[in-house]
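Fold and geometry: a report
Each chain, written out:
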Amino acid sequence: MAKHEHLAKSMALPPMTPQPNVYPLSWHAHTKKLEDIWDAAQRENWDPKKLPWDTFDPSTYSWEEREAIAYWWTILSVFDASAPPVFAAAFIKTYEAHEEDPVRRCFFSVTRDEQNHEQICGLAITKMLEHPDPLTYVPKTEIGRKAQRNAHWLYYNGGRYWNGYKNAVPKYSLAVLFSSFLMGEIAAATIFHQMAAKCTEPVFKEAFRNIGRDEGRHMAICLSLMERDYPKMDLSDKALITKQVRAGFLFLSGVLFEPPEDFWDIPADFVAWQREIETVARNAGFYVPEYEAKKENWKNAMLNLKGVLDKYGIPFPAIPEVGITGEEIRDVDMVDIIPVF
């Protein structure tokens, strides 16, 4: 191995450090709104283990109901179990980019929040199924068998997303990442507030309330950064954001709507089985929005996002699935996507 050259013997100061490098060695703070969001994250941090689990008795549900409710948590976990490493990668990028100090801390807080959301999925599934994962669990009912088959396909598609994300993060600017993240946060805040209001199980109600509050903070982080950076955005990034919004809609429809078969690699009867499973969960008192409500939620989320992007002259893609017209985007593949939920 070659010995490292001792530059200090011939130079008063070392040469400039090659970038990107994860040592900012600076704590500049220019965006007060982000400091306020960090303070809120510190106040509002919570522990999934300390929710009122003592009020929760899975044995009051039939096995069919337990498997159906666990399936919904499994859908969520396909997105939320990837969220800690997804945001951890973005968190690292804020250091490499030598972002201002409150930006780095805010992305740390999001990574921490998403770890809580993943833990909730794990606790709910483990308690419902009396088994720590839905893929090796032995189903007890026909609903459980259908749920597990669907879960395997969801998991497969989620793995394809991660490979695309790992390739995308180094290529894209933080400004592009913010718009993709915002998309998931707008939709997530809506659905979790609804589920908190309509769910009957106290521990789930409390979990959804906390998660919804977290997602609202994450949305505020993205909006603050967009407000800071988008007025001076490179024009070439605008077309990329338009494509990412379309890709994000298709990807996140897996949890917020229904997975489109031309984008998601799923069996022909996947959606029919999912509707059947969701009906069982709904009848057990576990609120899952029905098709029209999901569609309306997604439409409203997309219109809210459009309102943000319109301010910066970023074309919005057509979202025909929920009746929104715009720029046609046809060449979207799982390897292109960077949104997170």
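Thresholds, definitions, all that
- Residues numbered from 1 in each chain as written.
- Predicted model: local features only at pLDDT ≥ 70, side-chain atom pairs only at ≥ 80, totals over all residues.
- Heavy atoms only, no water.
- Helix = DSSP H or I, 4+ residues; strand = E, 2+ residues; numbered from the N terminus.
- Expected span 1.5 Å × (residues − 1).
- Buried < 20%, exposed > 50% of the residue type's maximum accessible area, 1.4 Å probe, protein only.
- Contact = heavy atoms within 4.5 Å.
- Core = buried A, V, L, I, M, F, W, Y, C linked by side-chain atoms within 4.5 Å.
- Phe/Tyr/Trp six-rings, centres within 6.5 Å; stacked < 30°, edge-to-face > 60°.
- Salt bridge = Lys/Arg side-chain N within 4 Å of Asp/Glu carboxyl O.
- Axes fitted to C-alpha atoms, helices over the stretch in contact; angles between N-to-C directions.
- Parallel < 35°, antiparallel > 145°, perpendicular 65-115°, else oblique.
- Left-handed = near helix turned anticlockwise from the far one by under 90°.

Side note on helix α9 (residues 270-283)
If you check α9, its first and last C-alpha atoms are 20 Å apart, about what 14 residues at 1.5 Å a residue would give, namely 20 Å. For α9, the full list of buried residues reads Phe270, Val271, Gln274, Ile277, Glu278, Val280 and Ala281. On the buried face of α9, the contacting elements are α2 (63-80), α5 (142-171) and α10 (291-310). Among the residues trailing α9, glycine 285 stands out with phi positive, at a value near 95°.

Here's the deal with the nonpolar core
By size, the foremost hydrophobic cluster in this structure holds 101 residues, and its most contacted members are Trp73, Phe107, Phe204, Phe208, Phe286 and Trp298. Per-element tally for this core: the top contributor is helix α6 (residues 174-198), with 15 residues. Once residues within four sequence positions are removed from consideration, tryptophan 73 is found in contact with Ile120, Cys121, Ala124, Ile125, Phe204, Phe208 and Phe286.

What about the packing of aromatic side chains?
A complete count under the given rule lists 23 aromatic pairs for this structure. Between tryptophan 73 and phenylalanine 208, the aromatic rings sit 5.4 Å apart at their centres with planes inclined by 10°, giving stacked as the arrangement. Of this pair, tryptophan 73 sits in helix α2 while phenylalanine 208 sits in helix α7 (residues 202-229), and the two are 135 residues apart along the sequence. On the basis of relative accessibility, which here comes to 0%, the residue tryptophan 73 falls in the buried class. Ring centres of tryptophan 153 and tyrosine 156 lie 5.7 Å apart, and the angle between their planes is 85°; on these two criteria the pair is classed as edge-to-face. Taken together, the positions of tryptophan 153 and tyrosine 156, both in helix α5 and three residues apart, correspond to about one turn of that helix.

Some remarks on the pattern of salt bridges
All told, the structure shown has 23 salt bridges when counted by the stated rule. The partner of arginine 105 in a salt bridge is glutamate 35, with the nearest N and O atoms 2.9 Å apart. In this pair, arginine 105 sits in helix α4 (residues 101-129) while glutamate 35 sits in helix α1 (residues 32-44), placing the two residues 70 residues apart along the sequence. On the basis of relative accessibility, which here comes to 19%, the residue arginine 105 falls in the buried class. Given a relative accessible area of 25%, glutamate 35 falls into the partly exposed group. Two residues, arginine 282 and glutamate 278, come together in a salt bridge whose shortest N-O distance is 3.8 Å. Note that arginine 282 and glutamate 278 are positioned in helix α9 at a spacing of four residues, about one turn of the helix.

Comments concerning unusual backbone geometry
In most cases, non-glycine residues show a negative phi, while peptide bonds are predominantly trans. The omega angle of the peptide bond from glutamine 19 to proline 20 is 0°, so this bond is cis rather than trans. With respect to the helices and strands, the residue proline 20 is situated in the segment before α1. Non-glycine residue leucine 25 carries a positive phi angle of around 50°. Take leucine 25: it is sitting in the segment before α1. Look at leucine 25 and you get exposed, because its relative accessible area is 72%.

Observations regarding α4
Along its 29 residues, α4 runs 43 Å from first to last C-alpha, staying within 8% of the 42 Å computed at 1.5 Å per residue. Within α4, 21 of the 29 residues are buried, which leaves it mostly tucked inside the rest of the structure. Glutamate 130, located one to two residues past α4, shows a positive phi value of around 55°.

Side note on the packing of α4 against α7
Taken N-terminus to C-terminus, the directions of α4 and α7 make an angle of 155°; their axes are 11 Å apart at the nearest point. One element, α4, and the other, α7, form an angle in the roughly antiparallel class. Between α4 and α7 lies a crossing of left-handed hand. On α7, the residues touching Val103, Cys106, Phe107, Ser109, Val110, Asp113, Glu114, His117, Ile120, Ala124 and Met128 of α4 are Phe204, Ala207, Ile211, Asp214, Glu215, Arg217, His218, Ile221, Leu225 and Arg228.

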